[in-house]
Amino acid sequence: MTAPVKGPASYFPAIEMKYGRPITDWQALIRSSPLTRHMELVNWLKTEHGLGHGHANALVAHTLAEDSGK
């Protein structure tokens, strides 16, 4: 049996359903942004792309952790 997904990735199915884009698209968008700080990226996703705070935060947290090797 597979363990349930925890942490930021647990939001991914809802994000894909609500916004109609795969997670890899969101991560590419985050990585292409000139912004680098967590809350700057969260606020950018909220204002420029219409994401809710929790969804934006989950995407940024997961992407930055992945990029830092954590």
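Each remark here, short or long, concerns the structure printed above.
These remarks concern the structure in this document. None of the values given here were measured: they were computed from a predicted structure. (Residues numbered from 1 in each chain as written. Predicted model: local features only at pLDDT ≥ 70, side-chain atom pairs only at ≥ 80, totals over all residues. Heavy atoms only, no water.)

A look at the nonpolar core
Counting residues in hydrophobic clusters, the biggest one holds 15 residues, and the most contacted among them are Trp 26, Leu 45 and Leu 59. Counting residues per element, the ones that place at least two in this core are helix H1 (12–19), helix H2 (23–32), helix H3 (38–49) and helix H4 (53–68). Leu 45 has contacts with Trp 26, Leu 29, Ile 30, Gly 50, Leu 51, Ala 56 and Val 60, leaving out every residue within four places of it along the chain. (Core = buried A, V, L, I, M, F, W, Y, C linked by side-chain atoms within 4.5 Å. Buried < 20%, exposed > 50% of the residue type's maximum accessible area, 1.4 Å probe, protein only. Helix = DSSP H or I, 4+ residues; strand = E, 2+ residues; numbered from the N terminus. Contact = heavy atoms within 4.5 Å.)

Quick notes on H2
Considered for burial, the residues of H2 that qualify are Ile 23, Trp 26, Gln 27, Leu 29 and Ile 30. For H2, the arc enclosing every buried residue in end-on projection is 160°, short of the 170-degree limit, so these residues lie on one face. Exposed side chains of H2 directed beyond 90 degrees from the buried face belong to Thr 24 and Ser 32. The inward-facing, buried residues of H2 abut H1, H3 and H4. (Arc of directions from axis to C-beta.)

Examining the packing of aromatic side chains
A complete count under the given rule lists 1 aromatic pair for this structure. Between Tyr 19 and Trp 26, the aromatic rings sit 6.1 Å apart at their centres with planes inclined by 80°, giving edge-to-face as the arrangement. When the ring centre of Trp 26 is taken as reference, the NZ or CZ atom of Arg 21 above it lies at 4.6 Å. (Phe/Tyr/Trp six-rings, centres within 6.5 Å; stacked < 30°, edge-to-face > 60°. Lys NZ or Arg CZ within 6 Å of the ring centre and 35° of its normal.)

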